[in-house]
Amino acid sequence: MDRFCDKWLIVYGVVFAGALLASALLTPVFRKLAHKTGFLDCPSNNHKGHAKATALLGGAAMFSAWMLCIAIGVAAVTCGILPDLLAGTFSAHLDGFHSVAVSRLSIVVTGAVLAVVLGLIDDKWALKAHWKFLGQFIIAVIAVVWGGVKINFFIHSQIFSIGISVFWIMLLMNSINFFDNMDGLAVGTIAIAMGFFTVIAALNNEYFYAVFCALNFGICCGFWIYNANPASIFMGDSGSHFLGYLAAVTAGGVSYFDQSFSLTRFPVLIPLLILALPLFDTAMVVIIRTINKKPFWIGDHNHISHRFVRMGLNRKTAVMLVHFTALDIALCSLPVYWGDFKTAAILLLQAFLLLVIVSILQFSLEAKKDAVEKVEK
């Protein structure tokens, strides 16, 4: 690795540390604000299992820290106030930076603002599902049509690309919303994902996307400190919408396939590996709710974390096990990125089988437990 790349590693580290610090400092401020304004999640109005009213402005805290870091970063680059060590690193890419900042970053920020506002409204007044989906659809269209977040899967159709990209953003926003059901679960999983997206973007020399991913990584980690069990603040729908939106935009913006180094087309599946747990969990709960003839958007206790608890684990251990599973599957993405067909195919199969094994264990132990309870009665 040459000195130029070494300097970019310093940039990624500085951005991560700055974002973590900003998030860690602003979260207590918003926690206090939530208690003063009554923006709280009360035990009687939720199914997460916490014992006391908890601050519900975590999404606003993360977003504020995110915006602060972006403002400082843009000002530092455009005004030329970077340290000498990093000034030369950025100077060679200023044209590309201005292009990204003007044409894409502003639109991405607009979408993030709308995602947080939509979530805050839902936290406060509990929107009907169709209004929430409409808001998510508008946000997704803005990000895709004007923000350049496009997915094509080698299918050269503008209509397909727009349709699948809009669906992807809405899917992730809802998946993280569903996944936010225990202390630290969602933010920890997205933090792991953002760490891997940073590595993939850095390996691909997509410097500004790597910086963006490192920013998101730091924001998640800073908030995770307060959201881990026992959480003193929840992210709420504003936070789950914000993180789901960032995960979708980040996954859709990083390049995974390049003819100059990719040995197969499997790398396009890397986002599915990195975000496997929330996506798999969403698929499972939708199937279960459909079988039980219940609306898929109504919360219940059939998430993977809840099933771990029913197996006998406490909530903290269940969340930790989900995080380790997410980390294990995400690690498969790196060999898939640079490996040949056989390597990639085996790792994809391995990741899928791990999810199958976890599901079989959970459902079989639950069935056994139910059978024992029936006998005892």
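Being a predicted model, the structure only gives us computed values, none of them experimental. (Residues numbered from 1 in each chain as written. Predicted model: local features only at pLDDT ≥ 70, side-chain atom pairs only at ≥ 80, totals over all residues. Heavy atoms only, no water.)

Novice: Could you give an account of the overall build of the protein, with specific residues and numbers?
Specialist: When helices and strands are tallied, the protein shows 15 helices and two strands. Classification of the 377 residues of the protein by burial places 49% in the buried group. Counting every atom, the protein has about 17,600 Å² of accessible surface; 69% of that belongs to carbon and sulfur. (Helix = DSSP H or I, 4+ residues; strand = E, 2+ residues; numbered from the N terminus. Buried < 20%, exposed > 50% of the residue type's maximum accessible area, 1.4 Å probe, protein only. Areas by Shrake-Rupley, 256 points an atom, 1.4 Å probe, with all protein chains shown as cover.)

Novice: Quick one: what's the story with the packing of helix α2 (residues 58–78) against helix α8 (residues 207–227), residue by residue and with numbers?
Specialist: One way to put it is that α2 packs onto α8 with a least axis distance of 10 Å and a crossing angle of 140 degrees. Viewed along their axes, α2 and α8 adopt a mutual orientation that is oblique. Judged by the twist between their axes, the crossing of α2 over α8 is right-handed. Taken together, the residues of α8 that come into contact with α2 (itself represented by Gly-58, Met-62, Ala-65, Trp-66, Cys-69 and Ile-70) are Phe-212, Leu-215, Asn-216, Ile-219 and Phe-223. When its residues are assigned to classes, the contact of α2 with α8 shows nine nonpolar, two polar and no charged. (Axes fitted to C-alpha atoms, helices over the stretch in contact; angles between N-to-C directions. Parallel < 35°, antiparallel > 145°, perpendicular 65-115°, else oblique. Left-handed = near helix turned anticlockwise from the far one by under 90°. Contact = heavy atoms within 4.5 Å. Nonpolar A, V, L, I, M, F, W, Y, C, P; charged D, E, K, R; others polar.)

Novice: Help me get a handle on the packing of aromatic side chains, residues and values and all.
Specialist: The full count for this structure, using the stated rule, is eleven aromatic pairs. Between the aromatic rings of Phe-266 and Phe-341, the centroid separation amounts to 5.3 Å while the plane-to-plane angle is 35 degrees, which identifies the pairing as tilted. Residue Phe-266 is located in the loop between α9 (236–253) and α10 (270–274), and its partner Phe-341 is located in helix α15 (residues 341–376); the two are separated by 75 residues in the primary sequence. Judged by its relative accessible area of 54%, Phe-341 falls in the exposed class. Linked through ring pairs, Trp-8, Tyr-12, Tyr-207 and Phe-208 together constitute an aromatic cluster. Taking NZ or CZ as reference, Arg-289 lies 5.2 Å from the ring centre of Phe-178, over its face. (Phe/Tyr/Trp six-rings, centres within 6.5 Å; stacked < 30°, edge-to-face > 60°. Lys NZ or Arg CZ within 6 Å of the ring centre and 35° of its normal.)

Novice: Can you tell me about the side chain of His-303, naming the residues and giving the values?
Specialist: Here His-303 is to be found in the loop between α11 (276–291) and α12 (304–310). Within the structure, the side chain of His-303 is placed 3.5 Å from the backbone oxygen of Phe-178, a separation counted as a polar contact. Side-chain polar atoms of His-303 contact the side chain of Asp-281, separated by 2.6 Å. Ignoring any residue separated from it by four or fewer positions in sequence, one finds His-303 in contact with Phe-178, Asn-181, Asp-281, Val-285 and Arg-289. (Polar contact = N/O pair within 3.5 Å; in protein donor to acceptor, adjacent residues only side chain to side chain.)

Novice: Can you lay out α9 for me, pointing to particular residues and giving the numbers?
Specialist: If you check α9, its first and last C-alpha atoms are 26 Å apart, about what 18 residues at 1.5 Å a residue would give, namely 26 Å. With 18 of 18 residues buried, α9 lies mostly within the body of the structure. (Expected span 1.5 Å × (residues − 1).)

Novice: Just give me the short version of the pattern of salt bridges, but keep the residues and values in it.
Specialist: For the structure shown, the criterion picks out three salt bridges. In this structure, Asp-122 and Lys-132 form a salt bridge, with 2.8 Å as the shortest nitrogen-oxygen distance. Residue Asp-122 is found in helix α4 (residues 94–125), and its partner Lys-132 is found in helix α5 (residues 129–146); the two are separated by ten residues along the sequence. The partner of Asp-300 in a salt bridge is Arg-289, and the shortest N-O contact between them spans 2.8 Å. Here Asp-300 is found in the loop between α11 and α12, whereas its partner Arg-289 is found in helix α11, with eleven residues between them in sequence. For the pair shown, Asp-300 and Arg-289 are each scored as buried. Each member of the salt-bridge network shares a partner with another, and the members are Asp-122, Lys-132 and Asp-237. (Salt bridge = Lys/Arg side-chain N within 4 Å of Asp/Glu carboxyl O.)

Novice: Hey, could you go over the state of the cysteines for me, with residue numbers and the actual values?
Specialist: Per the counting criterion, the structure on display carries zero disulfides. Unpaired in this structure, Cys-221 has its nearest cysteine sulfur neighbour in Cys-220, at a distance of 6.8 Å. (Disulfide = S-S within 2.5 Å.)

Novice: Would you mind going over a nonpolar patch on the surface in detail, with residue names and values included?
Specialist: Together, Met-311, Leu-349, Phe-352, Leu-353, Ile-357, Leu-361 and Leu-365 make up a nonpolar patch on the protein surface, roughly 640 Å² of accessible area in all. Topologically, Met-311 is positioned in the loop between α12 and α13 (315–331). Residue classification places Met-311 among the partly exposed residues on the basis of a relative accessible area of 31%. (Patch = residues over 30% accessible without salt bridge, like charges linked within 9 Å, V, L, I, M, F, W, Y side chains within 5 Å.)

Novice: With reference to specific residues and values, describe the packing of helix α6 (residues 158–179) against α11.
Specialist: Orientation of α6 relative to α11, taken along the N-to-C sense of each, is 80 degrees, at an axis distance of 9 Å. The pairing of α6 with α11 is recorded here as roughly perpendicular in orientation. Between α6 and α11, the residues in contact are Trp-168, Leu-171, Leu-172, Ser-175, Ile-176, Phe-178 and Phe-179 and Leu-277, Pro-278, Leu-279, Asp-281, Thr-282, Val-285, Val-286 and Arg-289, respectively. Residues of the contact of α6 with α11, tallied by class, amount to eleven nonpolar, two polar and two charged.

Novice: Kindly report on the environment of Phe-196, identifying the contributing residues and their values.
Specialist: Here Phe-196 shows up in helix α7 (residues 185–203). Taking the C-alpha atoms as reference points, Phe-196 and Ala-330, 134 residues apart in sequence, are found 7.2 Å from one another. Leave out the neighbours within four places in its chain, and Phe-196 touches Ile-274, Leu-327, Ala-330, Leu-331, Ser-333 and Leu-334.

Novice: Pulling in residues and values, what's your account of unusual backbone geometry?
Specialist: Negative phi values dominate among residues other than glycine, just as trans dominates among peptide bonds. Here the residue pair Asn-229 and Pro-230 is connected by a cis peptide bond, since its omega of -5 degrees sits within 30 degrees of zero. Note on placement: Pro-230 falls in the loop between α8 and α9. Of note, Asn-205 is a non-glycine position whose phi angle comes to about 55 degrees, a positive value. Among the secondary structure elements, Asn-205 is positioned in the loop between α7 and α8. By relative accessible area, Asn-205 is classed as partly exposed at 42%.

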